[in-house]
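Observations on chain architecture
Okay, here's what each chain looks like letter by letter:
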Amino acid sequence: MANLASLVKVAPETVASLRAKLESGAPLPEKYRVLFSLRNIEGQEAHEALALALRDPSALFRHDVAFCLGQRQDPAAIGVLQALLRDSGEHPMVRHEAGEALGAIGAPDCLAALRAHAADAAPEVAETCQLALERIEYFASHGGGGAGEGGSPYLSVDPTPPLPADTPVDALRRILLDPKQPMFERYRALFALRNRGGDAAVAVLCEAFSAASALLKHEVAYVLGQLQHPRSVPALSSVLRDPREHAMVRHEAAEALGAVADPACVALLKAHAADAEPIVAHSCVVALDMLEHEASGAFEYCAAAQDGGGGAQAAAAAVEAR
Ligand SMILES: [Fe+2]
Ligand SMILES: [Fe+2]
C-alpha cells in the first residue's frame, strides 16, 4: 500500500539545496515550495530534510510537513510522527496531522501511539487516532489503502475509504449530518460526496459546517478545496470570517478559498492575511502566494499541494523551479 512508488529520484545536490533553503530561514511561502518539492522525492535525504522541517517555528508549516509525511506513506517517518503525536506541548493541529499520517502509513508499528492517544484530552487528536485505527483495521481486512485507491478521483491518501459510490445523496446526507453516527461512517459519507461532486453534493457538504466536531468540519473544508466548486464560496467565507470557529477549520477554509480562486476569494484572503490567529493568517499568506505563482505559470504549486502529489511531473516542475 505504500505510496513510495510515486516518488521520484533526484540528484543528492538537489535535496541538499532544498534542505539548505529550509535552514536559511526563508519566508513561509518559499518554505512551502520546498516542502512540496521534497514531498515528491524519494530517499533517506528527502526524509531527513522533512524531519528537520518539523522543527519549524510555524505550527501551520509543521502540520503540513506531517501531512506530507503521511501522504508519502514512507515507514521511515513512523518514529518522528509518533514523537509528534506524543508531544503534549505540540499544537493539537500538528498532533492531529501526525495521527492521521500514522493512519495513512498504516504499518503495525503505527498502532501503539494511536492507541495511546485514542482518548487524548484534545478532541481533535482523540478523534483522529480513533479514525486512524479504524482505517488500519479496515484496509487490513479489505486490502488497498494507497493513494487514489477506493475510487477516489483525487490522488490523496484519505483518512477513511468512501461509502459505496451508488449510495444515494440523501442517505449520505443523513449519515454525514447525524452526530450519533460513528465518525468513521460520517467521514465515509463525506468522501463519497466528494467523489460524487456536483451541486447537490457540494450543498450537502456545506451543511456539515453546522456539525459540532471541528475535525469533521476541517475535513469538509479540505474536500471543498479539492472540489473547487464556486457554490461552496459563501459557506467557506463565513467559516473563515468567524473568529469563534476552530483555527484548524478556518485554516482549511482559507486554503479551499485559495483553490476556488475567484476574485471574491482573493479579497477575503487578503483581508485575513493579518488575522489575529497566526494559523489563519499564515494560511491566507500561503494561499495568496500559491495563486500568484499559478497566475505567473512559473510553477505547478497547487498541483503538488492539492491533488495529493502530482507525482513525478509535479516534483520535476517544482525542482526545476529552484
Ligand atoms: Fe487535517
Ligand atoms: Fe491543513
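Note that the structure is predicted; figures quoted are calculated from it, not measured.

Looking only at helices and strands, the protein features 18 helices and 0 strands. By sequence separation, contacts in the protein at least 24 residues apart represent 67% of the contacts at least 6 residues apart. Working note: accessible area of the protein is about 12,600 Å², and carbon and sulfur atoms make up 54% of it.

Ligation of the iron ion (ligand 2) by protein atoms is provided by His63 (NE2), His251 (NE2) and Glu252 (OE), these donors lying 2.1 to 2.2 Å from the ion. Motif for the iron ion (ligand 2), donor spacing along one chain: H-x187-H-E.

Owing to its 3.6 residues per turn, the α-helix aligns residues three or four sequence positions apart on the same side. Burial analysis of helix α3 (residues 44-53) places 7 of its 10 residues in the buried class, which makes it a mostly covered element. Among all positions in α3, only Ala46, His47, Ala49, Leu50, Ala51, Leu52 and Ala53 are buried. Those residues of α3 hidden inside the fold are in contact with α1 (12-23), α2 (28-38), α4 (59-72) and α5 (78-86).

Glancing now at the coordination of the iron ion (ligand 1). Distances from the iron ion (ligand 1) to its protein donors, His96 (NE2), Glu97 (OE) and His218 (NE2), fall within 2.1 to 2.7 Å. Within one chain, the residues donating to the iron ion (ligand 1) are spaced in sequence as H-E-x120-H. Here the iron ion (ligand 1) and the iron ion (ligand 2) are spaced 4.7 Å apart. Taken together, the positions of histidine 96 in helix α6 (residues 92-105) and histidine 218 in helix α12 (residues 214-227) put the pair 122 residues apart, joining distant regions of the chain.

The next subject is the packing of helix α10 (residues 183-196) against helix α11 (residues 198-207). Relative to each other, α10 and α11 sit at 150 degrees, their axes nearing to 8 Å. By the criterion of interaxial angle, the relationship of α10 to α11 is roughly antiparallel. Relative to α11, α10 is oriented so that their crossing is left-handed. In this structure, α10 contributes Leu190, Leu193, Arg194 and Arg196 to the contact, and α11 contributes Gly198, Ala201, Val204 and Leu205. In terms of residue class, the contact of α10 with α11 is made up of 5 nonpolar, 1 polar and 2 charged.

Here the focus is the UniProt feature "binding site: Fe cation 2" (unreviewed entry) in the protein. Summarizing the sequence annotation, UniProt attributes the feature "binding site: Fe cation 2" (unreviewed entry) to His218, Glu219, His251 and Glu252 in the numbering used throughout. These annotated residues cover 35 residues of sequence, and their C-alpha atoms lie no more than 10.9 Å from one another, placing them together at a single site. Within the secondary structure, glutamate 219 is located in helix α12. Those residues in contact with glutamate 219 that sit more than four places away from it in its chain are Glu100, Pro159, Tyr187, Leu190 and Phe191. The topology assignment puts glutamate 252 in helix α14 (residues 247-260).

The topology assignment puts aspartate 158 in the loop between α8 (123-142) and α9 (169-177). Side-chain polar atoms of aspartate 158 contact the side chain of serine 156, separated by 2.9 Å. For aspartate 158, the contacting residues outside a window of four places in its chain are Arg135, Ser152, Phe191 and Arg194.

Turning next to the UniProt feature "binding site: Fe cation 1" (unreviewed entry) in the protein. The UniProt entry lists His63, His96 and Glu97 under the feature "binding site: Fe cation 1" (unreviewed entry), expressed in the numbering used here. Among the secondary structure elements, histidine 63 is positioned in helix α4. A relative accessible area of 1% places histidine 63 in the buried class. Excluding residues that lie within four positions of it along the chain, histidine 63 makes contacts with Met93, Val94, Glu97, His251 and Glu252. Turning to its location among the elements, glutamate 97 is positioned in helix α6. Taking the relative accessible area as the measure of exposure, glutamate 97 reaches 4% and is therefore buried.

Residue position: leucine 38 is located in helix α2. For the pair leucine 38 and leucine 18, spaced 20 residues apart in sequence, the C-alpha to C-alpha distance is 7.5 Å. Setting aside residues no more than four positions away along its own chain, leucine 38 makes contact with Val15, Leu18, Leu22, Ala46, Ala49, Leu50 and Arg72.

The next point concerns unusual backbone geometry. One non-glycine residue with positive phi stands out, namely glutamine 73, at about 55 degrees. Tracing the backbone through its elements, the reader meets glutamine 73 in the loop between α4 and α5.

For the rest of this paragraph, the subject is the packing of aromatic side chains. The full count for this structure, using the stated rule, is 6 aromatic pairs. Relative to phenylalanine 139, the ring of tyrosine 138 lies with its centre 5.2 Å away and its plane at 85 degrees, an arrangement referred to as edge-to-face. Through a chain of ring-to-ring contacts, the aromatic side chains of Tyr32, Phe36 and Phe61 assemble into a single cluster. Above the face of the phenylalanine 61 ring, lysine 31 is positioned so that its terminal group lies 5.7 Å from the ring centre.

Rules behind the numbers
Residues numbered from 1 in each chain as written. Chains lettered and ligands numbered in written order. Predicted model: local features only at pLDDT ≥ 70, side-chain atom pairs only at ≥ 80, totals over all residues. Heavy atoms only, no water. Helix = DSSP H or I, 4+ residues; strand = E, 2+ residues; numbered from the N terminus. Contact = heavy atoms within 4.5 Å. Areas by Shrake-Rupley, 256 points an atom, 1.4 Å probe, with all protein chains shown as cover. Donors = N, O, S within 2.8 Å, 3.2 Å for Na, K, Ca; no water. Buried < 20%, exposed > 50% of the residue type's maximum accessible area, 1.4 Å probe, protein only. Axes fitted to C-alpha atoms, helices over the stretch in contact; angles between N-to-C directions. Parallel < 35°, antiparallel > 145°, perpendicular 65-115°, else oblique. Left-handed = near helix turned anticlockwise from the far one by under 90°. Nonpolar A, V, L, I, M, F, W, Y, C, P; charged D, E, K, R; others polar. UniProt positions renumbered as here; feature names shortened; annotations may be inferred. Polar contact = N/O pair within 3.5 Å; in protein donor to acceptor, adjacent residues only side chain to side chain. Phe/Tyr/Trp six-rings, centres within 6.5 Å; stacked < 30°, edge-to-face > 60°. Lys NZ or Arg CZ within 6 Å of the ring centre and 35° of its normal.

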